[in-house]
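Secondary and tertiary structure notes
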Amino acid sequence: MSSKKIKTGHLSLDPYENAINVEYEVTVTDSNGQTEVTQKETKVRLKPIKPDTNLQKLAGDIINKCKYISEKKYSVVEQLVFDLRRRQFQDDEEEPEVDMEVSIDKVDDYLEQLYGGEDDLPDKIKGSASILQLCKSVGNLETLIQNMQLMSSLSRVLADDYKRSSELSFNLVRVFLSFSNFMEMHSILANYKVGAMTMKVVELEIKRSEYRKDEREKNIKSGEKISSAAGRKDRALSKRQDKILFVGLHLLINLAEDVSVEKKMVKKSLVKMLTQCLDRKSPDCAMLVVTFLRKLSIFADNMKVMSDPEVNTVYHIAKYIPCSHDKLTTAALRLLFNLSFNKDCRQRMIEAGMLKKLVHLLKKAPFRAKTIKILYHLSSDASTRALLPPTDFTPILMQLIINFPHNTVAKELASLAVNVSFEPGVAEQMADGSGLRHLMSRVGEYGDVLLAKVVRNLSLWTFNEQRKITKITEHVDVLKENRKRMRRAERAMNRLAEGGGGDEDEKEEDEETDEEDMADLPRIPAYMQRRLWGEHVQHLIKMSLDCDSHDLLVELLGTLGNLTEQDCPKGKKWSSLMKEFNLTSFLSKLLVPGMSQNDVVLECIILIGQMCVDEKASVLLASSSLIRALHDLWQDKSDDSEIVLQLLTAFHRMLHFPETREELLYSTEAMADISECVGSKHRGTREVAEKCLELILEYDRDENGQIGELGAQVRRRRFLAHNKEWIEDVGGASESVREDRVYRHGNDLDSDDDLMGGETGHDWRHDDDDDDDGEINDREHFITGSGQKVAIDTSGLSSGVGDESGEGSRDFDNTGWGQ
């Protein structure tokens, strides 16, 4: 058995970062006694150390969290932390700016210092510092900017010498920054191309920073030790660079108040430059960069650049979610909120691991509002919602909703709950325990519509769970039936081979159960939420009866429409609930034409279809005026495809029971309306209409299996619907003449033979005189009502009676449509 030992080596401060470098030795001994020793190094990064930080406690925390540091090194770690804090405050000490004695009357003298060759750089720095000192007084700005000779000299020196001296560049950019604080001076600065020159200064500093970063990485890889003096110098350079970048970017953000100027900056890769600046360690510089990016992110083109993999602004923002600087975290969240409107940016957030960080921020009140808005946008993607169940998101969300201080939950929070409740895993967690009870309590007490939507989504989840179980059950039943058929076939083959056996023996063998043969079939899962809604169904019905709010009524009816008999209270079914609350009368009032809006009507139809699940409920429906109300509704809402589809679904369920079937077919003209839907352009409508007609044909038969009058009408209407184009293409004949030609012997349609001709059916096809062999071709000649002979292509005709090429053989889900 192998073993592993770790020995702490040398500890030292990192010369560039707030971190401790840890060298350690790993000794691995395998089962054969072979030993392998490896020298490794890691880095423990620390947050900025405050003056009142307990260094002893901090040293102990470092040892506890880093497994590579031995407890014996406590004193060394404590000393390193002390040195790190001292170095940090030494770096933070800025050299105070000396206020020079300057006068606006000596501008020409300061201007003279800006002239000179390469050897006069100190004079240029001194002259620029004097002019900068003048700019600190607002009263001097107007005089200075109107001095054309001064402005020309300043812009020329910046263009010529910005690569030679960072101090000179810093002074000149600060002078222009003083002018840029006033919108009235922007046009003058534009004449001297200040913006273009400033972008060059910023770009140069970014390249210098990248170069130094590459050099540091090379030194680390080569194992070269960095002296404390070199580290101090590098930190000083980085700090000076942060100042130049801060001033330059501040100047650019002021000039970008003009949208046309901002677009020019963007064309010069401003977004990429700003993204590179996000790696700066200065909080002030990072804050300015994030603010600038947020300003740019309101334009879709800029968002597209930020989401580009080569730029990937979101990845660089992730380090500030969260960080020790609260204002910077807030600014980063505002930027992310803008970016979350873009689908690609949302994907980048998920790839950067932002989801867990945002869920964690929900626990912190200062960042909660912005975080909820970002999560709301992220939850619009189904792939993101699927990542939420393993996190702590759902418990936090439910606590925020349940303990919300106002009567109505904030729209952002409730909308987030609505979105995530579409995810089955989240819905299960929300309904678990007393979650659903708390939601129902708030909906009942305050009438919160958005929370009612959440409850409705939870009911949709339980409804879909039952549909899954139903499909699995049907699949298992098919597998069982197939195995039984195979077993019967094998037994029949064996009996034939043995020359014995009879029908009685076969029947007895078929009745025997073979549990072992079915043991490997998929198990049918149990419905685990059977009593979840039991205590809430009656409450939902009472709220619907007393509801005055249209929006709330839609959600309550929609919730009830998703509940099945398995969700009803123990010992009750929909039929008993219909009697108890007189639901037929309530729904009849809502279905009166002009009484309710379309969304309420739609939910009422779905609920009626859900209630028509047993014979007792069908008797109640048949004895009420609901069926006639539904048919009248068809006439009024026939142009609404969704309402028509749900009406067909409700009719399909009613056709299964004698009472509702008789009321529907003989007291209304529903069959004619259903037949017209066979030719609908909407696929779902066609499929349900076909299934309805199939049921009519199945039930309208006598004892001998012959179809009745309704069945004959179904066949005629289906023929017309399926061959509508051919009938229209016959040409010239009126509707009565064409129908007389096609159905000249209507009595033949009452038989079960194919409408296209058969042994007993009327053959309305005429042979071509030129067809000597008597075979029927795809193109046949027909005699029109006027006696004219017309050639028609009959290869595409369909009888519409459930043939393989027609629409009549499609499946229909009995559990409902359009849920």
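Preceding block: the structure.
These numbers come from a predicted model, not from an experiment. (Residues numbered from 1 in each chain as written. Predicted model: local features only at pLDDT ≥ 70, side-chain atom pairs only at ≥ 80, totals over all residues. Heavy atoms only, no water.)

Next up on the list: the nonpolar core. Membership of the largest hydrophobic core comes to 187 residues, with the highest contact counts inside it found for F179 and W574. Ranked by residues supplied to this core, first place goes to helix α32 (residues 598-611) with nine residues. Ignoring anything within four residues of it in the chain, the contact list for W574 reads I541, L560, L563, T564, E565, C568, L583, L607, Q610 and M611. Listed in part, the 17 residues of the second largest apolar core include V44, I49, I62 and I69. (Core = buried A, V, L, I, M, F, W, Y, C linked by side-chain atoms within 4.5 Å. Buried < 20%, exposed > 50% of the residue type's maximum accessible area, 1.4 Å probe, protein only. Helix = DSSP H or I, 4+ residues; strand = E, 2+ residues; numbered from the N terminus. Contact = heavy atoms within 4.5 Å.)

Turning our attention to the packing of aromatic side chains. Any two aromatic rings considered together are summarised by their centre-to-centre distance and by the angle between their planes. Under the criterion given, the structure shown has three aromatic pairs. Seen from their ring centres, F337 and F341 are 5.4 Å apart, and the 75° between their planes marks the pair as edge-to-face. Residue class for F341 comes out exposed when judged on its relative accessible area of 52%. The residue whose ring lies beneath K370 is F337, and the NZ or CZ to ring-centre distance is 5.1 Å. The ring centre of Y699 lies 4.0 Å from the NZ or CZ of R661, which sits over that ring. (Phe/Tyr/Trp six-rings, centres within 6.5 Å; stacked < 30°, edge-to-face > 60°. Lys NZ or Arg CZ within 6 Å of the ring centre and 35° of its normal.)

Let us now look at the packing of helix α22 (residues 411-420) against helix α25 (residues 449-498). Running from N to C, α22 and α25 cross one another at 10°; their axes reach a closest spacing of 9 Å. Considering the angle they form, α22 stands roughly parallel to α25. On the side of α22, the interface is formed by K411, A414, S415, A417 and V418, while α25 contributes L450, K453, V454 and N457. A class-by-class count of the residues in the contact of α22 with α25 yields five nonpolar, two polar and two charged. (Axes fitted to C-alpha atoms, helices over the stretch in contact; angles between N-to-C directions. Parallel < 35°, antiparallel > 145°, perpendicular 65-115°, else oblique. Nonpolar A, V, L, I, M, F, W, Y, C, P; charged D, E, K, R; others polar.)

Quick look at unusual backbone geometry now. Residue I321 is joined to P322 through a cis peptide bond whose omega torsion reads -10°. The phi dihedral of S269 falls on the positive side, at around 65°, and the residue is not glycine. With respect to the element layout, S269 can be found in the loop between α11 (259-267) and α12 (270-277). The exposure class assigned to S269 is partly exposed, which follows from its relative accessible area of 41%.

So, about the side chain of H186. Along the polypeptide, H186 turns up in helix α8 (residues 186-191). Here H186 falls in the buried class, since its relative accessible area comes to 11%. Separated by 2.7 Å, the side chain of H186 and the backbone oxygen of S180 make a polar contact. Contact partners of H186, with chain neighbours within four places excluded, come to S180, N254 and L255. (Polar contact = N/O pair within 3.5 Å; in protein donor to acceptor, adjacent residues only side chain to side chain.)

Right, let's talk about helix α18 (residues 354-361) for a bit. All of the buried residues in α18 are M354, L355, L358, V359 and L361. In an axial view of α18, the angular spread of the buried residues amounts to 160°, which keeps them on one side of the axis. Those residues of α18 hidden inside the fold are in contact with α15 (313-317), α16 (326-339), α17 (343-351), α19 (365-378), α20 (382-385) and α21 (393-402). (Arc of directions from axis to C-beta.)

By themselves, these observations are geometric and do not establish any function.
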